[in-house]
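The residues making up each chain are set out below.
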Amino acid sequence: MSIIQEKSRRDFMRLGAGSLLSAAAFAALPAVVADATQSGDAPMQRRRGGRGRFRSVDEALAQGVSSGTVVGVAALAADARGVIYEAAYGKRDLAGPAGVTQDSVFWLLSMTKAITATACMQLVEQGKLGLEQPMSQVLPQLAAPMVLEGFDASGRPKLRPAKRAITLRHLLTHTSGFTYSNWSDRLPQYEKATGMPDIAESRNGAFASPLEFDPGDHWQYGIGMDVVGKIVEAVSDQSLEIYFREHIFEPLGMTNTGFLISSAQKQRTATTYTRQADGSLKPLPFEMSQRPEFFSGGGGLFGTPRDYMAFLQMLLREGTFNGAQILKPETVAAMRTNQIVDLNVNPLKSSAPAWSNDANLFPGMQQKWGLSFDINTRPGPNGRSAGSYSWAGLLNCYYWVDPVKKVTGAMFTQLLPFYDARVVDLYGGFERGLYGGLARV
């Protein structure tokens, strides 16, 4: 969730005491709501059924806009048969008349990771990659990884060789030793001492990052999925933009998702806002780099809620959707299974409060990690089953897939810093209302 164009980062840090938008400026727009059950694989061909089951979700989302929690929000859910709920409230931008819809464009950031993992696992299925394979065999720059142990009295980094090779499993599970500067005390200091660019700048120099621990020793969120993106490109001999389009987006009908955004799509992009100290929201000019040195497999995609729900339905249906098999059922099962054994997912401790709050999707619960998903080991507080898998994007977008109750949901906003308490509460209300409505069938 740490992929922000450097110009936007500098602009953001200059945003300060200027004029603030009061919560009173927010007014709920009429919602675009569907409560339906879909037949077949056509993503948006639905038959009506059970309207009103999810009224509490409608009320929560509308209240989220009217209270100033968000400027705009879109939410969707599907079961094994198809889309059962979709709604959009609020505006794309307070300065304009357009409302949020399911075809509004959102910067997905770390919701990109699941798609990169899917591409990678397609290559594993084909025997072109192995989970235990040292990735120096694919990317020679990984042949001699160095671990950052600290800094000497003059501030120079102290490095040592890593004890073991970096495997594909390490990268997919955030156990490689690579970290993110937003949730690291050491990496920002290393960047300052060496001039190494942050991964947010979309410059290849960021891949010179040291490790913060030996591969396999810990779990810590980091840039490993960006490295996986490089691996997919090297093995497939295609850019991620082309590989994703041909092997994932076109088969699933995801026509509005990609790394490069068209002029027409840009006009439908939701504006990013930042939460101010008094709780109000202020607009932030934000855009992923459209001239990157690399396509970020860790967080570079934009897309629409409707598109992303097609991807989630593919996972829910064990790898097949819209008449296309993207992954084998056994591959999807492996991706949602604990792949870090005795290690645990650690809470994200923010080192950059402008970008992220401390974050823990399930406080007090042991969490595991699959092949790019957080796994709750006990039932969640809002309805999802033990063994459900999920993740999020830096701009407070969230999703989950429940393989037990066969339901998936996602909520989209564009708001910093990440893990905003008010948005997290809204997400919980969406989930509770969804499961409550399903129980009333």
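None of these values were measured; they are calculated from a predicted model.

What counts, and where the lines are drawn
Residues numbered from 1 in each chain as written. Predicted model: local features only at pLDDT ≥ 70, side-chain atom pairs only at ≥ 80, totals over all residues. Heavy atoms only, no water. Helix = DSSP H or I, 4+ residues; strand = E, 2+ residues; numbered from the N terminus. Buried < 20%, exposed > 50% of the residue type's maximum accessible area, 1.4 Å probe, protein only. Contact = heavy atoms within 4.5 Å. Areas by Shrake-Rupley, 256 points an atom, 1.4 Å probe, with all protein chains shown as cover. Phe/Tyr/Trp six-rings, centres within 6.5 Å; stacked < 30°, edge-to-face > 60°. Core = buried A, V, L, I, M, F, W, Y, C linked by side-chain atoms within 4.5 Å. Pairing = 2+ DSSP bridges. Salt bridge = Lys/Arg side-chain N within 4 Å of Asp/Glu carboxyl O. Bend = angle between axes of the 7 residues up to and from the residue. pLDDT = per-residue confidence, 0-100. Axes fitted to C-alpha atoms, helices over the stretch in contact; angles between N-to-C directions. Parallel < 35°, antiparallel > 145°, perpendicular 65-115°, else oblique. Left-handed = near helix turned anticlockwise from the far one by under 90°. Nonpolar A, V, L, I, M, F, W, Y, C, P; charged D, E, K, R; others polar.

A.B. asks: Quick question: what am I supposed to make of the overall build of the chain here?
C.D. replies: Summing up its helical and strand segments, the chain has eleven helices and 19 strands in all. Counting across all 441 residues of the chain, residues that qualify as buried make up 59%. A fraction of 70% describes how many contacts in the chain between residues 6 or more apart in sequence connect residues 24 or more apart. In the form shown here, the chain has an accessible surface area of approximately 16,400 Å², with 51% of it arising from carbon and sulfur atoms.

A.B. asks: How should I be thinking about the packing of aromatic side chains in this particular structure?
C.D. replies: Here a ring pair, both rings aromatic, is described through the centre-centre distance and the interplanar angle of the planes. Under the counting rule described, the total for this entry stands at 25 aromatic pairs. Ring centres of Tyr308 and Phe412 lie 6.4 Å apart, and the angle between their planes is 75 degrees; on these two criteria the pair is classed as edge-to-face. Of this pair, Tyr308 sits in helix H9 (residues 305–316) while Phe412 sits in strand E18 (residues 407–412); the two residues are 104 residues apart in sequence, bridging distant segments of the chain. Pair check on accessibility: Tyr308 and Phe412 agree, each one buried.

A.B. asks: Would you take a moment to explain the nonpolar core for this structure?
C.D. replies: Nonpolar side chains in soluble globular proteins tend to end up buried together. If you look at the biggest cluster of nonpolar residues, it comprises 128 residues, and the most contacted ones within it are Leu61, Tyr85, Leu172, Phe244, Tyr308, Phe311 and Phe412. Of the residues forming this core, the biggest block, eight residues, is contributed by H9. One finds Leu148, Phe151, Leu187 and Tyr190 within the second-largest nonpolar core, a separate group that totals five residues.

A.B. asks: Looking at this structure, I do not really get the environment of Ala87. What am I missing?
C.D. replies: Residue placement: Ala87 occurs in strand E5 (residues 83–90). Along the backbone, Ala87 and Asp58 are 29 residues apart, and their C-alpha atoms lie at a distance of 7.4 Å.

A.B. asks: Is there a simple way to explain the pairing of strand E9 (residues 272–275) in this structure?
C.D. replies: Each regular strand displays side chains that alternate between the two surfaces of the sheet. Neither face of E9 is left uncovered, since the one carrying Thr272 and Thr274 and the one carrying Tyr273 and Arg275 both have all their residues buried. Sheet topology places E9 next to strand E10 (residues 281–284); four bridges connect them, and they run antiparallel. Counterpart to Thr274 in the pairing with E10 is Lys282. What sits between the antiparallel neighbours E9 and E10 is a turn of five residues, in which Gly279 has the positive phi angle 95 degrees. By the bridge criterion, two bridges tie E9 to strand E19 (residues 415–416) in an arrangement that is parallel. What sits directly across from Tyr273, in E19, is Leu415.

A.B. asks: Honestly, the environment of Pro305 in this entry has me stumped. Any pointers?
C.D. replies: Within the fold, Pro305 resides in helix H9. We classify Pro305 as buried; its relative accessible area is 1%. In this structure the C-alpha to C-alpha distance between Pro305 and Cys397, which are 92 residues apart in sequence, comes to 9.9 Å.

A.B. asks: In this structure, what is going on with the sheet that holds E9? I would like to understand it.
C.D. replies: Two strands in a sheet stick together by hydrogen bonds in their backbones, pointing the same way (parallel) or opposite ways (antiparallel). Strand order in this open sheet of three strands is E10-E9-E19, and the pairing throughout is mixed. The open sheet is flanked by E10 and E19, the only strands paired with a single partner.

A.B. asks: What am I meant to see in the pattern of salt bridges here?
C.D. replies: Any two side chains of opposite charge can pair, so long as their charged atoms come close to each other. Tallying each qualifying case throughout the model produces 14 salt bridges. The partner of Arg160 in a salt bridge is Asp214, with the nearest N and O atoms 2.7 Å apart. One end of the pair, Arg160, is in strand E8 (residues 157–161); the other, Asp214, is in the loop between helix H5 (186–194) and helix H6 (224–236), and 54 residues separate them in sequence. Owing to a relative accessible area of 3%, Asp214 belongs among the buried residues under this scheme. In this structure, Glu318 and Lys406 form a salt bridge, with 3.4 Å as the shortest nitrogen-oxygen distance. Of this pair, Glu318 sits in the loop between H9 and strand E12 (320–321) while Lys406 sits in the loop between strand E17 (397–402) and E18, and the two are 88 residues apart along the sequence. With a relative accessible area of 17%, Glu318 lands in the buried category.

A.B. asks: Before we go on, may I ask you to explain helix H7 (residues 240–252) in this structure?
C.D. replies: Residues spaced three or four apart along an α-helix point in a common direction, a consequence of the helix completing one turn every 3.6 residues. Largest kink in H7: about 40 degrees, centred on Glu246. If you check which residues of H7 are buried, you get Leu240, Glu241, Tyr243, Phe244, Ile248, Phe249 and Leu252. Considering only its buried residues, H7 is in contact with helix H3 (112–125), H6, H9 and E12.

A.B. asks: Help me out: how do you make sense of unusual backbone geometry in this one?
C.D. replies: Keep in mind that most residues, glycine aside, have a negative phi and that most peptide bonds are trans. The residue after Leu416, namely Pro417, is reached through a cis peptide bond having omega -5 degrees. One can find Pro417 in the loop between E19 and helix H11 (421–439). If you check the backbone angles, His174 has positive phi at about 60 degrees while not being a glycine. Relative to the elements of secondary structure, His174 occurs in the loop between helix H4 (168–172) and H5. Even without a glycine there, the phi angle at Lys406 is positive, about 55 degrees.

A.B. asks: Please clarify how the confidence of the model for the chain should be interpreted in this entry.
C.D. replies: If pLDDT is low for a region, its predicted coordinates should not be looked at in detail. The share of residues in the chain with pLDDT of 70 or more is 88%, and the mean pLDDT across the chain is 89. Low confidence marks residues 1–50, where pLDDT is under 50. Its contacts with residues over four positions away, or in another chain, come to 153 contacts.

A.B. asks: Explanation requested: the packing of helix H2 (residues 55–66) against H11 in the structure shown.
C.D. replies: Helices that pack against each other are described as a pair by the angle of their axes relative to one another and the distance between those axes. Running from N to C, H2 and H11 cross one another at 165 degrees; their axes reach a closest spacing of 8 Å. By the criterion of interaxial angle, the relationship of H2 to H11 is roughly antiparallel. Crossing angle aside, the handedness with which H2 passes H11 is left-handed. Only Leu426, Phe430, Gly433 and Leu434 of H11 make contact with H2, whose side of the interface consists of Ser56, Val57, Ala60, Leu61 and Gly64. The residue inventory of the contact of H2 with H11, partitioned by class, reads six nonpolar, three polar and no charged.

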